[in-house]
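# Examining the three-dimensional arrangement
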Amino acid sequence: MSIGDVAGLIAAIAFVGLVGFLGFVSLKVAAVLDETRSSVKELTDHTLPMLDEAAKVVASSASQMDKVDTVTTAAAQVGENVSALSSLVTATVGAPLLKVAAFSYGVRRALAGLRTGGARR
């Protein structure tokens, strides 16, 4: 056996060791990838129903917002109507009531003046 044969034998053993090491690393990488695949599948299984539920909640919220908008519009109209009614009552009843109050005040002053025997100033 010559030195070249020994070197070839050492190189062959080193190559077998390298192939064995790469095979071991490949098995570990395959296990990691398999675990990653199962984690992604589990995450997808839990996420999709949650996304469907979120879409339902958003659709329901949009429907509720339409209802709130309707109620808000109606409340604004009621406020405008009450304001208009208040103005109408003030214009209709306020001026005559003020005149009646002024007239009654004048009559009381006149009657008070007659009772005391002279007009007060």
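Cut-off values and rules
Residues numbered from 1 in each chain as written. Predicted model: local features only at pLDDT ≥ 70, side-chain atom pairs only at ≥ 80, totals over all residues. Heavy atoms only, no water. UniProt positions renumbered as here; feature names shortened; annotations may be inferred. Helix = DSSP H or I, 4+ residues; strand = E, 2+ residues; numbered from the N terminus. Salt bridge = Lys/Arg side-chain N within 4 Å of Asp/Glu carboxyl O. Buried < 20%, exposed > 50% of the residue type's maximum accessible area, 1.4 Å probe, protein only. Patch = residues over 30% accessible without salt bridge, like charges linked within 9 Å, V, L, I, M, F, W, Y side chains within 5 Å. Areas by Shrake-Rupley, 256 points an atom, 1.4 Å probe, with all protein chains shown as cover.

Turning next to the UniProt feature "transmembrane region" (unreviewed entry) in the chain. This chain's UniProt record puts "transmembrane region" (unreviewed entry) on residues 6-27. Secondary structure content for residues 6-27 is 100% helix and 0% strand, and the end C-alpha separation is 31 Å.

Glancing now at the pattern of salt bridges. Under the definition given, this model contains two salt bridges. Asp-34 is paired through a salt bridge with Arg-37; the nearest N and O atoms lie 2.8 Å apart. Note that Asp-34 and Arg-37 are positioned in helix α1 (residues 3-116) at a spacing of three residues, about one turn of the helix. Relative accessible area serves as the criterion here: at 40%, Asp-34 is assigned to the partly exposed category. Taking the shortest distance from any N to any O, the salt bridge between Asp-45 and Lys-41 comes out at 3.2 Å. Of this pair, Asp-45 and Lys-41 both sit in helix α1, four residues apart, which is roughly one turn of the helix. According to the relative accessible area criterion, Asp-45 is partly exposed, its value standing at 44%.

All right, on to a nonpolar patch on the surface then. Residues Phe-15, Leu-18, Val-19, Phe-21, Leu-22, Phe-24, Val-25, Val-29 and Leu-33 make up a contiguous nonpolar surface patch of roughly 870 Å² in combined accessible area. Within the secondary structure layout, Leu-22 lies in helix α1. With relative accessibility at 45%, the residue Leu-22 sits in the partly exposed group.

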